[in-house]
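Each chain, letter by letter, is given below.
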Amino acid sequence: MCEKILLIDGHSILNRAFYGLPDLTNSEGLHTGAVYGFLNILFKVLGEEKPEYLAVAFDRSEPTFRHAKYPEYKGTRKPMPQELKEQIPLLKEMLEKMEIATVSLAGFEADDILGTLAKKGEEKGMDVIILSGDRDLLQLATKKTMIRLPRTAKGQTVIEDYKEDQVQERYLVTPAQVIELKALMGDAADNIPGIPGVGEKTATRLLAEYGSIENAFSHVEEISQKRARESLRENYQMAQLSKELATICTNSPIEFEQEKFQLGNIFTKEAYELCRKLDFRNFLMKFDPAEVNENTIEQDFFICNDLEGCEALFEKAGQAEAVGIALLWDKEGVYGAGLALGEDEMYYVPVEGMVTAAYLSDKIGRLGKSTTVCSMDVKTMLKRADLTPDANVFDCGIAAYLLNPLKSTYTYEELAKDYLDGKLLPGKEELLGKISLKKAWEEDMPELEHLACYMAYTAFATRAPLKAKLQETGMWKVYTEIELPLVFTLDSMEKWGIEVKGEELKNYGEKLTVRIHELEKLIWQQAGEEFNINSPKQLGVILFEKMAIPGGKKTKTGYSTSADILEKLASENLIINDILEYRQLTKLKSTYADGLGAVIEKDGRIHSTFNQTITATGRISSTEPNLQNIPVRMELGRLIRKVFVPEAGFVFLDADYSQIELRVLAHMSGDEKLIKAYREAEDIHRLTASQVFHIPLEEVTPLQRRNAKAVNFGIVYGISSFGLSQDLSITRKEAAAYIQKYFETYPSIKGFLDGLVEQGKEKGYVSTMFGRRRPVPELKSSNFMQRSFGERVAMNSPIQGTAADIIKIAMNRVYKRLLDEKLRSRLVLQVHDELLIETWKDEIPQVSRILEEEMKGAANLAVELEVDMHQGNNWYEAK
DNA sequence: ACCCTCACG
DNA sequence: ACGTACGTGAGGGTC
């Protein structure tokens, strides 16, 4: 086997990555997408080729010998975008840290360096691989030099390989003739003119017949095509110059520094740190942990796998002031636990022999009574650890969420980076990759021990800085009095779940299917062809091209077919109504009938997950399935609620706050008139209409009420005349007039909202009544749209967030009272302003009282918090 | 993986 | 001139 050298065309591959892939930015806002793409392809090719030598060539900014011959060379290039430009030094830094040789030479392009090194490599008897995005390089292909050209096909990167023979096969010319081809055809990118009137076809034919431009010229009279013949005659000199320009120099004055090109370990500690900094998580696992880990935490990891040892360990842990705990489990089993007794004392306890899942559950439960159990995610741990609501726990994920609710994940390695002076720990993905916990456990992988210990370590070590920051920011109370107790409340709701009648759900779905098929036929009939109605793309073409319904474009990718657009066209086009009904029914079928049916568990109940660290405002969210968006507005959809039923002997009590956000607004703004309105009014929207339009309450028309209601909503969302005009289908001017009248009617509201924006700009965040913060970085944006968004967010978040705080407080109190008063009734759902309690029939009066007292009493506002309550034998009836 | 659409508050 | 209401999650289509 020959030795092999890989030569890379640096700029060309970087360019390709930049234009071919979505841009990325790291947490500091650096553009990194092109560097990421470059490394991706580098790793791929290194894996395939396994070369002994490697060099990356770059162009330089100085003029080259080609400019001396032809000053217009590359003269029409567009300037490189800043986002790409700034990635060049970044790539060079990365290559340097990977100890990969980079080569450049004043007066020469990267191509010339590649050509020269390829030739020298061959002379040394090596196989040569050239990686570039530029087809011009094909002229360098030989029997021993292969050109590899990556391209994107169907979202996947595939590499075309060319040795001498493949060039001939694909382009019907020899590598040397690639130069002639380019000279004949010209190259717009390099500003090489070529022969006008000669394209790829003619050029290839000329070369097949005459071999070269010179020979073609000497037989110019024989060329049958008139245009080509005359053009070649006229432009022969230019063609010769083009040929010179297109020829890659293979004897540039560059050394073949064999030693420097030698490929060593590219996965150095320095490169690792840069990958970290750039958030290239996918690459981190390529590095050898032993090599890159500067921290010596792993020295302090111990395994404890016998019962006696565990007894002693938990005994000692129970006496510590706090312990970090990480419980490793998934649906298939419990695998072990990590314990941190100090920053330099971590233990891994695998489930094994006498140390069972139940043993760990019990031991962790006991720790909750004697010490503070710190965890990255307490609620998840509660599913397999016997901790009661009175346990002492610290939840690092929730603490970090409060400190910055805009992050999408709160993993231990992120928390270590953010709260332990930038400490770099390997994350789960990096340790285990795609390997499941179960597999790692079965095979006794050391990475599982490391995962458990790092997680426990982080939980332990971040507690103090997180607590300090929460106190500094005034959020310690929100944390201890709202969020932490809520962990237990939500855990209980998840565990109870809610019964769903699977059979009825199936019947409902089948009824939908019948009508869906009818509609499908009707729609196809009217369209005159069969097509996928679910495809907005196909539907757009059918409606707005084939049927030529006037409606026009909206989105970047094609026509908008959303319901609000279609509804405007419905009156004149019968097909539209059928499409709208079809859409409605397929939604009900796929998301609800089928979707919910698929997640009913063996106990006949659905156990959703309530996420506490997702939203920017402080609300909770619900997933797998989402039980916070079960249909209610349309009757047909609302019927789904009939399949949600209480267990035998129970009924549902459903309690919801009446206009909680508007009441919060009244309180926070202190607007006397709005507060007074709430004290008097039965129907706030009607009263708003009466006051805004200066008409007696009795004379308010339904339309006026509807408009006033929309304005009330708009205010809460961070009003804009455009948004309101869209909602009400009125002009912006009219919308602006409504808003102005509203602000005149309730004068303190405007001042309050402006104050929120002002505060957001000044402090960088806005706050709820209880001190929960939301950062609003958009307010500093130079982009108008972004800034406007920031302003609306600044106005909305304190209102939405305060309402979220209030219902969370109410939930905790309701949950506590149900426990304290030893009731069988249980909280099962929260839908932002609504609580659903599965109520033991004998307890109905008591639970009603509890709900009313705790919901109304959750906050003391200048206006009453009003609660509507209903009872029923299913969720439909209880609304 | 991303967009569109639509369900809820 | 920009081109939007605030906050979510899920399913289907497309590339």
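Keep in mind that what you see is a predicted model, and the values were worked out from it rather than measured. (Residues numbered from 1 in each chain as written. Chains lettered and ligands numbered in written order. Predicted model: local features only at pLDDT ≥ 70, side-chain atom pairs only at ≥ 80, totals over all residues. Heavy atoms only, no water.)

**Examining the overall build of chain A**
Phase 1 of the analysis: Across its full length, chain A carries 39 helices and 23 strands.
Phase 2 of the analysis: Evaluated residue by residue, chain A yields a buried proportion of 53% over its 879 residues.
Phase 3 of the analysis: At a minimum sequence separation of 6, the contacts of chain A that also span at least 24 residues come to 66%.
Phase 4 of the analysis: Charge-centre separation for chain A: the mean point of 110 positive side chains lies 4 Å from the mean point of 135 negative side chains. (Helix = DSSP H or I, 4+ residues; strand = E, 2+ residues; numbered from the N terminus. Buried < 20%, exposed > 50% of the residue type's maximum accessible area, 1.4 Å probe, protein only. Contact = heavy atoms within 4.5 Å. Lys, Arg positive; Asp, Glu negative; His and termini not counted. Charge placed at Lys NZ, Arg CZ, Asp CG, Glu CD.)

**Side note on the sheet that holds strand β23 (residues 867-872)**
Phase 1 of the analysis: Strand order across the open sheet formed by four strands is β21-β22-β18-β23, with antiparallel pairing between neighbours. Edge positions in the sheet fall to β21 (826-830) and β23, since each of these pairs with one other strand and no more. Mean inter-strand twist for the sheet, computed between neighbouring axes without regard to direction, equals 25°. (Pairing = 2+ DSSP bridges. Axes fitted to C-alpha atoms, helices over the stretch in contact; angles between N-to-C directions.)

**Structural notes on the environment of Lys 423**
Phase 1 of the analysis: Its place among the elements puts Lys 423 in the loop between α20 (412-419) and α21 (428-432).
Phase 2 of the analysis: Under the relative-accessibility criterion, Lys 423 is labelled partly exposed at 27%.
Phase 3 of the analysis: Sequence separation of Lys 423 and Pro 798 is 375 residues, and the distance between their C-alpha atoms is 33 Å.
Phase 4 of the analysis: Beyond its immediate sequence surroundings of up to four residues, Lys 423 is in contact with Ile 297, Glu 413, Ala 416, Lys 417 and Tyr 457.

**Side note on the protein's contact with DNA strand B**
Phase 1 of the analysis: Close to DNA strand B lie 22 residues, the nearest being Thr 561, Ala 563, Val 632, Arg 633 and Asp 833.
Phase 2 of the analysis: Backbone atoms, meaning sugar and phosphate, form 73% of the atoms of DNA strand B found within 4 Å of the protein.
Phase 3 of the analysis: Arg 633 has a polar backbone atom sitting 2.7 Å from a phosphate oxygen of DNA strand B.
Phase 4 of the analysis: Here a base nitrogen of DNA strand B and a side-chain polar atom of Gln 800 are 3.5 Å apart. (Near = heavy atom within 4 Å. Polar contact = N/O pair within 3.5 Å; in protein donor to acceptor, adjacent residues only side chain to side chain.)

**What about the side chain of Glu 838?**
Phase 1 of the analysis: With respect to the element layout, Glu 838 can be found in strand β22 (residues 834-840).
Phase 2 of the analysis: Polar side-chain contacts of Glu 838 include one of 2.7 Å to the side chain of Arg 605.
Phase 3 of the analysis: What Glu 838 contacts, discounting residues up to four positions off in sequence, is Gly 497, Arg 605, Val 645, Pro 646, Glu 647, Phe 650, Val 651, Phe 652, Ser 825, Arg 826 and Val 828.

**Some remarks on the protein's contact with DNA strand C**
Phase 1 of the analysis: Taken together, the neighbourhood of DNA strand C is formed by 36 residues, with Asn 532, Ser 535, Lys 537, Ser 621 and Glu 624 sitting nearest.
Phase 2 of the analysis: When atoms of DNA strand C within 4 Å of the protein are split into backbone and base, the sugar-phosphate part holds 63%.
Phase 3 of the analysis: In the environment of DNA strand C, a sugar or linking oxygen lies 2.9 Å from a nitrogen or oxygen atom belonging to the side chain of Asn 626.
Phase 4 of the analysis: A distance of 3.5 Å separates a sugar or linking oxygen of DNA strand C from a polar backbone atom of Tyr 717.

**What about the UniProt feature "domain: DNA-directed DNA polymerase family A palm" (unreviewed entry) in chain A?**
Phase 1 of the analysis: Here, UniProt's "domain: DNA-directed DNA polymerase family A palm" (unreviewed entry) annotation points to residues 637-843.
Phase 2 of the analysis: A helix fraction of 59% and a strand fraction of 14% characterise residues 637-843, whose end C-alpha atoms lie 31 Å from each other. (UniProt positions renumbered as here; feature names shortened; annotations may be inferred.)

**Description of the sheet that holds strand β7 (residues 301-303)**
Phase 1 of the analysis: Pairing is mixed across the open sheet formed by six strands, whose spatial order is β7-β10-β9-β8-β11-β12. The open sheet terminates on both sides in strands that have one partner only, identified here as β7 and β12 (393-395). Neighbouring strand axes in the sheet, compared pairwise and without regard to direction, differ in orientation by 25° on average.
Phase 2 of the analysis: Packing against the sheet, helix α16 (residues 307-319) makes contact with β8 (322-330), β9 (333-342) and β10 (345-350), and its axis sits at approximately 50° to β9.
Phase 3 of the analysis: Contacting β7, β8, β9, β10, β11 (372-375) and β12, helix α23 (residues 446-472) crosses the sheet at an angle of about 140° to β8.

**Examining unusual backbone geometry**
Phase 1 of the analysis: That bond from Glu 624 to Pro 625 is cis: its omega, 0°, falls within 30 degrees of zero.
Phase 2 of the analysis: Mapping Pro 625 onto the fold places it in the loop between β16 (621-623) and α29 (635-638).
Phase 3 of the analysis: Phi at Lys 50 is positive, roughly 45°, even though this residue is not glycine.
Phase 4 of the analysis: With respect to the element layout, Lys 50 can be found in the loop between α2 (33-49) and β2 (53-57).
Phase 5 of the analysis: With a phi angle near 50°, Ser 729 is a residue other than glycine that sits in the positive phi range.
Phase 6 of the analysis: Residue placement: Ser 729 occurs in the loop between α34 (721-728) and α35 (732-745).
Phase 7 of the analysis: We classify Ser 729 as exposed; its relative accessible area is 56%.

**A look at the packing of aromatic side chains**
Phase 1 of the analysis: In this structure the tally under the stated criterion is 24 aromatic pairs.
Phase 2 of the analysis: Plain terms: the ring middles of Phe 314 and Tyr 359 are 6.3 Å apart, the flat faces sit at 75° to each other, and that makes the pair edge-to-face. Taken together, the residues Phe 314 in helix α16 and Tyr 359 in helix α17 (residues 357-370) connect sequence positions 45 residues apart. An identical accessibility class is assigned to Phe 314 and Tyr 359; each is buried.
Phase 3 of the analysis: Geometrically, the ring pair formed by Phe 544 and Tyr 559 is tilted, given 5.1 Å between the ring centres and 40° between the ring planes. Of this pair, Phe 544 sits in helix α26 (residues 536-546) while Tyr 559 sits in the loop between α26 and α27 (563-569); the two residues are 15 residues apart in sequence, bridging distant segments of the chain. No difference in accessibility class separates Phe 544 from Tyr 559, as the two residues are buried.
Phase 4 of the analysis: Through pairs of rings, three or more aromatic residues link up here, namely Tyr 36, Phe 43, Phe 267, Tyr 272, Phe 280, Phe 283 and Phe 287. (Phe/Tyr/Trp six-rings, centres within 6.5 Å; stacked < 30°, edge-to-face > 60°.)

**Topic: the nonpolar core**
Burial of nonpolar side chains together is a common tendency in soluble globular proteins.
Phase 1 of the analysis: Leu 339, Phe 644 and Tyr 657 are the most contacted members of the largest nonpolar core, which has 198 residues in total.
Phase 2 of the analysis: Apart from the residues lying within four places of it in its own chain, the contact partners of Leu 339 are Leu 313, Phe 314, Ala 317, Gly 324, Ile 325, Glu 345, Met 346, Tyr 347, Val 349 and Ala 456.
Phase 3 of the analysis: By size, the runner-up hydrophobic cluster in this structure holds 50 residues, among which are Leu 137, Leu 138, Leu 206 and Ala 216. (Core = buried A, V, L, I, M, F, W, Y, C linked by side-chain atoms within 4.5 Å.)

**Let's talk about the side chain of Lys 808**
Phase 1 of the analysis: Structurally, Lys 808 is set in helix α37 (residues 784-820).
Phase 2 of the analysis: Here the side chain of Lys 808 touches Glu 483 through a polar contact of 2.6 Å, side chain to side chain.
Phase 3 of the analysis: Residue contacts for Lys 808: discarding those within four places in its chain leaves Ile 482, Glu 483, Leu 486, Gly 618, Ile 620 and Arg 772.

**A word on the pairing of β2**
As a general feature of sheets, a regular strand has side chains that alternate between the two faces.
Phase 1 of the analysis: Within β2, five of the five residues are buried, which leaves the element mostly enclosed by the surrounding structure.
Phase 2 of the analysis: Residues Tyr 53, Ala 55 and Ala 57 line one face of β2 and the alternating positions Leu 54 and Val 56 line the opposite face, and both faces are buried.
Phase 3 of the analysis: With five bridges joining them, strand β1 (residues 4-9) and β2 adopt parallel strand pairing. Along β2, the bridge assignment pairs Leu 6 with Leu 54.
Phase 4 of the analysis: Inspection of the sheet shows β2 paired to strand β3 (residues 101-103) by three bridges, in the parallel sense. Paired with Ala 55 across the strands is Ala 101, a residue of β3.

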